[in-house]
Amino acid sequence: MTKIGVIADDVTGATDVAAAFSRAGLRTLLALTAEVDADATDADAIVVGLKTRSIAVADAVAQSLDALRALQQGGADTFYLKYCSTFDSTPEGNIGPVVEALAEALGATVVVTTPAAPLHGRTVYQGHLFVGGRLLNETHMRTHPVTPMRDSSVPRLLEPQVQGSVRTLPRETVQDGVDAVRAAVTAAAAEPAMVHLVADAIEESELATLAEAVEGLALVAGSAGLIGAIAQRREPQGGRIPSTPAGRTAILAGSCSARTLEQVERFRRSGGAAHRLVAGPGDTAEGLAAAALAWWAGQPDDASAMIYSSSPAEERDPRVPDAGTLYEQAAGLIAHELVDRGVGRLLIAGGETSGEVVRALGLRTALVGEEAALGAPWIHDPARDLHLVLKSGNFGEPELFVDVARSGASR
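The text that follows walks through the structure, step by step, so that each part is easy to find. (Residues numbered from 1 in each chain as written. Predicted model: local features only at pLDDT ≥ 70, side-chain atom pairs only at ≥ 80, totals over all residues. Heavy atoms only, no water.)

## Re the overall build of the chain
When helices and strands are counted, the chain shows 13 helices and 18 strands. For 411 residues, the compact-globule estimate of 2.2 N^0.38 gives 22 Å, and the C-alpha radius of gyration of the chain, at 21 Å, lies within 12% of that figure. In terms of principal-axis extent, the alpha carbons of the chain reach across some 65 × 45 × 35 Å. Burial status across the chain gives 57% buried among its 411 residues. The contacts of the chain with a sequence gap of at least 6 include a subset with a gap of at least 24, amounting to 75%. For the chain, the accessible area works out to roughly 16300 Å², and carbon and sulfur atoms hold 48% of it. (Helix = DSSP H or I, 4+ residues; strand = E, 2+ residues; numbered from the N terminus. Rg over C-alpha atoms; globule rule 2.2 N^0.38 Å. Buried < 20%, exposed > 50% of the residue type's maximum accessible area, 1.4 Å probe, protein only. Contact = heavy atoms within 4.5 Å. Areas by Shrake-Rupley, 256 points an atom, 1.4 Å probe, with all protein chains shown as cover.)

Shown next as structure tokens:
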């Protein structure tokens, strides 16, 4: 049985994939740098979580190629590039350039790609990406501060990013079955330039068809949806999936997505202790962190609590244009100090915030456990008895923060 290697363009995307593997019963190693250690030998799958979604294209390509080499050294021989199910990118990249660099390194001339993830409400039809039944460019992603998505056509979004050609793999072909999809891939391989085949998928059964059809391809790309379907075709070979112990939970929320804002509000309404980071002109990450940690020190020793910077757009201070960076840095400082004080359970909300926390903690590899929410598993650092959930901003039910805090007290 081959070992799957995944390169994810952000940390919460990596945990989303890792959750899909865990759901399929696969023992999964999560690497949070472009290095894979000896623990990989006992894993069915290896996921490398980078922070390349919004950095310079050249840096994203270089880091992704480093991750590919690390996965190959760890024994992986089937490869997948995981990007966001809302196709977060700009006309420059980084999805297209990274796919093409990986394809060249692996000798791939056709890459099947789809952001479809029906479990998360992401579907693709006639090449258009829908989020919760709405066209991508009609959702909150239209005004995303870093990667505003003002088109729903995945081929149109991808074309300016790549040198190869972009084709669609329509739903009718997918519904015709595995042989029809493979025939389309074979036809694309006959073209003189590399081909990106953007696949339609509305139902999980269509992802299952694609998963079977792409077996044997050097590289596949997409959201957690397709790789989850690929995982379901695997027989677990590794060891036991770890469980999560009880304990006090620190919740650090930095995402400003609608779902995270709802989770923050539900936690506060439940009576949970909460401290909000609010940056004003002249504030520093160190100062924000110090105030939050002083507040934390005043909470009961056995009580879970939340520190958050999440806020709707109208509440953000225009005088502090770099507030997002300050909040991320503060979250890293806070997480590092809380772990030093003995906190063993953390829930981090937001991809950029999660990336900064991982960096601050020096977390290199972790084993993936049970899901706290769909697409958001617990990850475990056995060396420090540290247990984290790194949650994408849009993931989880509204009561997630409340439920995780209560589970820590009741296990």
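## Some words on helix α6 (residues 178-189)
Counted at 1.5 Å a residue, the expected span for α6 with its 12 residues is 16 Å, and the 17 Å between its end C-alpha atoms agrees. Every buried residue of α6 is listed here: Val178, Val181, Val185 and Ala188. Angularly, the buried residues of α6 cover 90 degrees about the axis, an arc narrow enough to put them on a single face. In α6, the exposed residues that point more than 90 degrees away from the buried face are Asp179 and Thr186. (Expected span 1.5 Å × (residues − 1). Arc of directions from axis to C-beta.)

## Quick notes on the nonpolar core
If you look at the biggest cluster of nonpolar residues, it comprises 116 residues, and the most contacted ones within it are Phe21, Phe87, Leu210, Ile334, Leu346, Ile379 and Leu388. Per element, the largest residue contribution to this core is nine residues, and it comes from helix α11 (residues 323-340). Every residue in contact with Leu210, bar those within four places of it in the chain, is listed here: Leu169, Val174, Val181, Ala199, Asp200, Ala201 and Leu226. Val264, Tyr308, Phe401 and Val402 belong to the second-largest nonpolar core, a separate cluster that totals 17 residues. (Core = buried A, V, L, I, M, F, W, Y, C linked by side-chain atoms within 4.5 Å.)

## Some thoughts on the sheet that holds strand β6 (residues 122-125)
Spatially, the three strands line up as an open sheet ordered β6-β7-β8, and their pairing is antiparallel. On the outer flanks of this sheet lie β6 and β8 (134-135), each paired with one strand and no other. As defined by bridge partners, strand β7 (residues 128-131) adjoins β8 across two bridges and the pair is classed as antiparallel. When the bridges of β8 are listed, Phe130 appears paired with Leu135. (Pairing = 2+ DSSP bridges.)

## Side note on the packing of helix α1 (residues 11-23) against helix α8 (residues 224-232)
α8 packs onto α1 with a crossing angle of 25 degrees between their chain directions and a minimal axis gap of 9 Å. Comparing their axes, α8 and α1 come out roughly parallel. Helix-helix and strand crossings are classified by hand; for α1 and α8 the assignment is right-handed. On α8, the residues that touch Asp16, Val17, Ala20, Phe21 and Arg23 of α1 are Ala224, Ile227, Gly228, Ala231 and Gln232. In terms of residue class, the contact of α1 with α8 is made up of six nonpolar, two polar and two charged. (Axes fitted to C-alpha atoms, helices over the stretch in contact; angles between N-to-C directions. Parallel < 35°, antiparallel > 145°, perpendicular 65-115°, else oblique. Left-handed = near helix turned anticlockwise from the far one by under 90°. Nonpolar A, V, L, I, M, F, W, Y, C, P; charged D, E, K, R; others polar.)

## With respect to the environment of Ser270
Note on placement: Ser270 falls in the loop between α9 (258-269) and β13 (273-276). The exposure class of Ser270 is partly exposed, given its relative accessible area of 39%. Engagement of the side chain of Ser270 in a polar contact is seen with the backbone oxygen of Phe267, the distance being 2.6 Å. (Polar contact = N/O pair within 3.5 Å; in protein donor to acceptor, adjacent residues only side chain to side chain.)

All we've got here are geometric facts, nothing functional implied.
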